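Each chain, written out:
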Amino acid sequence: MQYIQLVIAVVLLAVVFGANKGYQTICGTSPKKAIGFNCLLGLFTFIIFLCVNGFRISFTPFSFLLSAMMNVILVSYSLIGFKLLESGTMALYTVFLMSGGMILPYIYGVIYLKEPFGVLRFAALVLILLGVILSNGSNGKPSKKQLLMCIAVFILNGFVSIISKIHQIETVHSTVTASEYVMLGGIFKFVFCGILFFSVKDKPEKKKTSDKKNIVLKAVSLIALAAVCDGVSYLLQLYGASNLPATVLYPFITGGGIVFSTILGAVVFGEKLTKRTVLSVAFCFCGTLMFL
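Note that the structure is a prediction, hence the values are computed from the model and not measured. (Residues numbered from 1 in each chain as written. Predicted model: local features only at pLDDT ≥ 70, side-chain atom pairs only at ≥ 80, totals over all residues. Heavy atoms only, no water.)

**What about the overall build of the protein chain?**
Inference 1: A count of helices and strands for the protein chain gives 10 helices and zero strands.
Inference 2: Ordering the α and β elements of the protein chain from the N terminus gives α-α-α-α-α-α-α-α-α-α.
Inference 3: Scaling as 2.2 N^0.38, a compact globule of 292 residues should have a C-alpha radius of gyration of about 19 Å, and the protein chain matches this with 19 Å.
Inference 4: Projected onto its principal axes, the C-alpha positions of the protein chain cover 60 × 50 × 35 Å.
Inference 5: By the burial criterion, 47% of the 292 residues in the protein chain qualify as buried.
Inference 6: Sequence separation of 24 or more characterises 89% of the internal contacts of the protein chain that already satisfy a separation of 6 or more.
Inference 7: When the accessible area of the protein chain is evaluated, it comes to approximately 14,600 Å², of which 72% is carbon and sulfur surface.
Inference 8: Looking at charge distribution, the protein chain has the averaged site of its 23 positive side-chain charges lying 9 Å from that of its 9 negative ones. (Helix = DSSP H or I, 4+ residues; strand = E, 2+ residues; numbered from the N terminus. Rg over C-alpha atoms; globule rule 2.2 N^0.38 Å. Buried < 20%, exposed > 50% of the residue type's maximum accessible area, 1.4 Å probe, protein only. Contact = heavy atoms within 4.5 Å. Areas by Shrake-Rupley, 256 points an atom, 1.4 Å probe, with all protein chains shown as cover. Lys, Arg positive; Asp, Glu negative; His and termini not counted. Charge placed at Lys NZ, Arg CZ, Asp CG, Glu CD.)

Next up, the structure:
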């Protein structure tokens, strides 16, 4: 049952990637657009989970602190991603993002949580890592600045996964439920990004469009879709973090995310499946199965 929940989580995560890509296509990749996306994403997430939770809100200092830390990190690497997209190095960003979210919690699980190190699962981790690298061929050699940004993304996303795991296994400090934790994150992200939004100036538009209402409607719809899918996916991942080792959970999410994101890209966005892509999906699929 736990693995079925994780499969649903990675499918929803692929939809989030698709919604994000659609938003960037419609609205652009400026920092203000990225902040606006995260601001509304936080608001919609809070509203959705407030309704799901029967309009009950719980608060503990420990949960709020971890949620605040995590969402500051999430917004930070999201802004880096939008910036790298402008320079055409989004593929490299994705490699570092997904690798960090898989490798660092794996190391954390082995070293700090004393989770067992298995040769088969380590081989599966390597397979998925190869799949991640193959799925994102870089366009040209990145500059030193771009490479430093990617390394920052690797570390930041790794810490997001570790923070999530820490919250779900905490036994000393009082914590909120998984759904309430998602809700806390949503309201913090909304307030934090709202402050940033009015502090950042946007680039002037080169071309004005007469169909602004339609663009806004599409953008808001994509953000709402992302909020639902991201919130439910993260909730399922939190449930997994409560019961599954970090050395299993995060490689599974990464490998499954690659597989379903590729399928979504081919079906919805008409992206061509090259030999490199097919090989990448095969590596990730086999690696993911080895964790079952």
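**Points about the side chain of Gln168**
Inference 1: Examined against the element boundaries, Gln168 turns out to sit in helix H6 (residues 144-169).
Inference 2: The buried category is assigned to Gln168, whose relative accessible area is 17%.
Inference 3: Among the polar contacts made by the side chain of Gln168, one reaches the side chain of His167 at a distance of 2.8 Å.
Inference 4: Apart from the residues within four sequence positions on either side, Gln168 is in contact with Ala178, Leu238, Ala241 and Ser242. (Polar contact = N/O pair within 3.5 Å; in protein donor to acceptor, adjacent residues only side chain to side chain.)

**Looking at helix H2 (residues 31-52)**
Inference 1: The terminal C-alpha atoms of H2 lie 31 Å apart, and with 22 residues this matches the ideal 32 Å at 1.5 Å per residue to within 8%.
Inference 2: Once H2 finishes, Gly54 follows within two positions and takes phi at roughly 70 degrees, a positive value. (Expected span 1.5 Å × (residues − 1).)

**Brief notes about the packing of aromatic side chains**
Inference 1: All told, the structure shown has eight aromatic pairs when counted by the stated rule.
Inference 2: A centroid spacing of 6.5 Å and a plane angle of 35 degrees characterise the contact between Tyr181 and Tyr234, whose relative ring orientation is tilted. Residue Tyr181 is found in helix H7 (residues 178-197), and its partner Tyr234 is found in helix H8 (residues 212-243); the two are separated by 53 residues along the sequence. With respect to burial, Tyr181 and Tyr234 carry one shared label: buried.
Inference 3: An aromatic cluster of three or more residues is present, and its members are Phe59, Phe64, Phe188 and Phe192.
Inference 4: Across the ring face of Phe197, the terminal group of Lys32 is positioned such that the distance to the ring centre comes to 4.0 Å. (Phe/Tyr/Trp six-rings, centres within 6.5 Å; stacked < 30°, edge-to-face > 60°. Lys NZ or Arg CZ within 6 Å of the ring centre and 35° of its normal.)

**Here we look at helix H10 (residues 275-289)**
Inference 1: For H10, which comprises 15 residues, the first-to-last C-alpha distance of 21 Å matches the rise-based estimate of 21 Å (1.5 Å per residue) to within 8%.
Inference 2: Residues Thr277, Ser280, Val281, Cys284, Gly287 and Thr288 constitute the buried set of H10. The buried residues of H10 occupy an angular sector of 135 degrees when projected down its axis, which confines them to one face. (Arc of directions from axis to C-beta.)

**Quick notes on the environment of Ile47**
Inference 1: Assignment of secondary structure puts Ile47 in helix H2.
Inference 2: A residue is classified by how much of its surface remains accessible, and Ile47, at 39% relative accessible area, is partly exposed.
Inference 3: For the pair Ile47 and Ala227, spaced 180 residues apart in sequence, the C-alpha separation works out to 9.7 Å.

**Things to note about the packing of helix H9 (residues 246-268) against H10**
When two helices pack together, their arrangement is given by the angle between their axes and by how far apart the axes lie.
Inference 1: Contact geometry of H9 with H10 gives a least axis separation of 8 Å together with a crossing angle of 145 degrees. Crossing handedness for the pair H9 and H10: left-handed. Here Phe252, Gly255, Gly256, Ile258, Val259 and Thr262 of H9 lie close against H10, whose contacting residues are Thr277, Ser280, Val281, Cys284, Phe285 and Thr288.
Inference 2: In terms of residue class, the contact of H9 with H10 is made up of six nonpolar, six polar and no charged. (Axes fitted to C-alpha atoms, helices over the stretch in contact; angles between N-to-C directions. Left-handed = near helix turned anticlockwise from the far one by under 90°. Nonpolar A, V, L, I, M, F, W, Y, C, P; charged D, E, K, R; others polar.)

**Observations regarding the packing of H6 against H8**
Inference 1: Direction vectors running N to C along H6 and H8 enclose 60 degrees, while the axes themselves pass 8 Å from each other. The angle between the axes of H6 and H8 places the two elements in the oblique class. Note on packing geometry: the crossing formed by H6 with H8 is right-handed. Here H6 contributes Ser164, Lys165, Gln168 and Ile169 to the contact with H8, which in turn contributes Tyr234, Leu238, Ala241 and Ser242.
Inference 2: Here the contact of H6 with H8 is built from residues that sort into four nonpolar, three polar and one charged. (Parallel < 35°, antiparallel > 145°, perpendicular 65-115°, else oblique.)

**Let's talk about the state of the cysteines**
Inference 1: Across all of its chains, the model carries zero disulfides by this definition.
Inference 2: Unpaired in terms of disulfides, Cys39 finds its nearest cysteine sulfur in Cys193, a separation of 5.9 Å.
Inference 3: Of the cysteine sulfurs around Cys51, a residue in no disulfide, the closest is that of Cys229, at 17 Å.
Inference 4: For Cys51, a relative accessible area of 42% gives the class partly exposed. (Disulfide = S-S within 2.5 Å.)

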